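Commentary on secondary and tertiary structure
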Amino acid sequence: MAFARTRSVTLLGVDGVLVEVQADIEPGLAVFNLVGLPDKSVSESRDRVRAALVNSDEEWPPRRITVGLSPATVPKTGSGFDLAVACAIVAANGKLDPDRLADLVMVGEVGLDGRVRSVRGILPSVMAAAAADCRRVVVPESVAVEARLVPDVSVLGVRSLRHLLAVLRGQPVPDEPTPDTRPGPDPDTVGPMLVSGPSVLGALAPDMSEVAGQARARRALEVCAAGGHHLYLLGPPGAGKTMLAERLPGLLPPLDTSAALEVSAVHSVAGTLPPDRPLVEEPPFCAPHHSATMPSLVGGGNGLPRPGAVSLAHQGVLFLDEAPEFSSRALDALRQPLESGTVTVARSAGTLRFPARFLLVLAANPCPCGRFAGKGLDCTCSAAMRAKYLARLSGPLLDRIDVRVTVDPVSRAELLEPGGTGESTKVVAARVREARERAAYRFEGTPWATNAEVPGRELRTRWATEPDALSTAARDLERGMLTARGLDRVLRVAWTIADLRGRDRPSMEDVDTALEFRTGVRRGAASDVTATVGRSGRAPRMTTDMAQATLAQLATMDVDRELHDPEYETVGEA
């Protein structure tokens, strides 16, 4: 019987589906049919496989060849089926024992000369094979290290089709050079964005001690890192917003094994894993340019969708510098993943879900010219221009931001002080780690790990605050300064502040501090964050600049703003 079968994997987003590759050779007119819902790259494997076998000194059967990819209802994408198709045809032609292929999973592209080239998504493909109880996997030798990250799986790395067939036949392996065939980043998904971080680029991590001044903003970063809260930085150019955002990943704890594999799988699909360090062990940092489109942010592309910036920043930080310059359509697309931690992309070819549990940092100038700071005397923008500029960040999006801080210009004394004024990343990260451990102990037995993930109802009913701790927040809710969602987020931040201060539950002081972080309204000495959350060695510089007042005004935005402001939609799209 001229029939053989083996297995391969197709990717649907970052999830792999095991595919059985069947080859049947019958007498008749020489033709090669490939069935099973293949895309263009899979269909082209007919020509690649034929040339690769001939150039590897294998016989090409001059008969009717039919290759089926099962299940036939699942779309097959990519060139990773080439290895499985080639070996199945050789076995069906009687040149290889079909039983040697039955328990193998093969993923890899073959060149016309028979060399085996890597494809994106090796790690999630091997994870899918392991989930289906397949323990023997064949992959290109250049990405074998990545495949071996999956436990309890035997990985064979091959350089060429001739190499693989020699191993399957029990023959000596030919001596061949190892080609550099690892694919580069996908230009349709990476595009105009920067993906960086110690684990991705191997660069030295920036340190918090390099930031001059900015005591309040430093404390805000510490709170956001400890609780997983989203952050909005408002301030003039050169005040240090980008420096602060770039140092946030260093405050986050390293990824555990499960999270590291999940993050690495996303970056494997995007082709951004470095060959020498295929496991992303530290939180990634993704900073797309403000010209990024909505598909590049949330995922998309031709055919089946591919991961965007929100997925590349999974378990890490997504930094949107010059946030008002992003298109309103792209910014508002972030609202759903900010709430759910996943992004669902629907296209005609299929609907896919990508992980998107990230920490969002927005940075914006107070006005188009950027000089609306202090007394605002150097600003050339009118009040209408400033309002229109900041209104590009919609009310529903800002309502999902937990912490909002103005970043004041650095004073000469802070900039020129010898030795700096701030703590190092190592010191602050230690406090963040202790706060997260305290929260993890509280959430033991629940699906949540940080305060930002806990539903508001659970915080209000299951874990109570001190008596009358929410009195100020209740008054702000009645005055319209907070929405119901905003109150829940204030409560989450209050729990994080309590964890940093070593308290069992939030007090009125903790809630008032969380309110100050959200509304920008100073509430007296009791809300002095730096007095009890961390030690900077310098008292914070209390400012009453106009940017602070602008931030306080933004806090009054609520999710129903579009209903009672007919000009909002026009302004927001400008």
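Calculation rules
Residues numbered from 1 in each chain as written. Predicted model: local features only at pLDDT ≥ 70, side-chain atom pairs only at ≥ 80, totals over all residues. Heavy atoms only, no water. Helix = DSSP H or I, 4+ residues; strand = E, 2+ residues; numbered from the N terminus. Buried < 20%, exposed > 50% of the residue type's maximum accessible area, 1.4 Å probe, protein only. Contact = heavy atoms within 4.5 Å. Areas by Shrake-Rupley, 256 points an atom, 1.4 Å probe, with all protein chains shown as cover. Axes fitted to C-alpha atoms, helices over the stretch in contact; angles between N-to-C directions. Parallel < 35°, antiparallel > 145°, perpendicular 65-115°, else oblique. Nonpolar A, V, L, I, M, F, W, Y, C, P; charged D, E, K, R; others polar. Polar contact = N/O pair within 3.5 Å; in protein donor to acceptor, adjacent residues only side chain to side chain. 1 Å grid on protein atoms, 1.4 Å probe; cavity = no way out; pocket = protein on both sides within 12 Å on 5 of 7 lines; lining within 4 Å. Points joined across faces, edges and corners; volume = space filled by probe spheres on them. pLDDT = per-residue confidence, 0-100.

Notes on the overall build of the protein chain
- For the protein chain, the count of helices and strands is 26 helices and 17 strands.
- Expressed as a percentage of the 574 residues in the protein chain, the buried residues total 55%.
- Taking the intrachain contacts of the protein chain between residues at least 6 apart in sequence as the baseline, contacts between residues at least 24 apart amount to 74%.
- Entry remark: accessible area of the protein chain is about 23600 Å², with carbon and sulfur atoms responsible for 52%.

A word on the environment of Val405
- Positionally, Val405 belongs in strand E17 (residues 403-406).
- With 189 residues separating them in the primary sequence, Val405 and Arg216 have C-alpha atoms 7.6 Å apart.

A closer look at the packing of helix H4 (residues 122-131) against helix H10 (residues 257-270)
- Following both chains from N to C, one finds H4 and H10 inclined at 125°, their axes separated by 7 Å at the closest point. Comparing the axis directions of H4 and H10 gives the class oblique. In this structure, H4 uses Ile122, Leu123, Pro124 and Met127 to contact H10, whose residues at the interface are Leu261, Ser264, Ala265, Ser268 and Val269.
- Tallied by class, residues from the contact of H4 with H10 come to seven nonpolar, two polar and no charged.

Overview of the environment of Asp402
- Mapped onto the elements of the fold, Asp402 is located in the loop between helix H16 (395-398) and E17.
- Filtering out sequence-adjacent residues up to four positions away, Asp402 remains in contact with His229, His230, Arg489, Val493, Phe517 and Arg518.

Here we look at the side chain of Thr6
- Mapped onto the fold, Thr6 is located in strand E1 (residues 3-12).
- We classify Thr6 as buried; its relative accessible area is 1%.
- Of the polar contacts made by the side chain of Thr6, one reaches the backbone oxygen of Leu104; its length is 3.4 Å.
- If we ignore the near neighbours within four places in the chain, the residues touching Thr6 are Val19, Glu20, Val21, Ala84, Ala88, Leu101, Leu104 and Met106.

Concerning the layout of surface pockets
- Space inside the largest pocket adds up to approximately 820 Å³.
- As for the largest pocket, its lining consists of 35 residues, of which Gln315, Arg357, Arg436, Thr450 and Glu453 are closest to the centre.
- Looking at the lining of the largest pocket, the elements with two or more residues in it are H10, helix H14 (335-340), helix H18 (425-442) and helix H21 (484-500).
- Residues of the lining of the largest pocket, tallied by class, amount to 16 nonpolar, eight polar and 11 charged.

What to know about the confidence of the model for the protein chain
- The predicted model of the protein chain has a mean per-residue pLDDT of 84, with 84% of residues at 70 or higher.
- Averaged pLDDT values over the elements of the protein chain bottom out at 36 in helix H26 (residues 568-573) and peak at 97 in strand E5 (residues 105-106).
- In this model residues 197-202 is a low-confidence stretch, pLDDT under 50, and it forms 16 contacts with partners more than four residues away in sequence or in other chains.
- Confidence drops under a pLDDT of 50 for residues 525-574, and excluding neighbours within four residues, the segment shows 108 contacts in the predicted structure.

Quick look at the packing of helix H8 (residues 215-227) against H21
- Two numbers describe how H8 lies on H21: the axes approach to 9 Å, and their chain directions differ by 100°. Judged by the angle between their axes, H8 and H21 are roughly perpendicular. Contacts between H8 and H21 involve Glu222, Val223, Ala226 and Gly227 from the first element and Val493, Thr496, Ile497 and Leu500 from the second.
- Class assignment for the residues of the contact of H8 with H21 results in five nonpolar, two polar and one charged.

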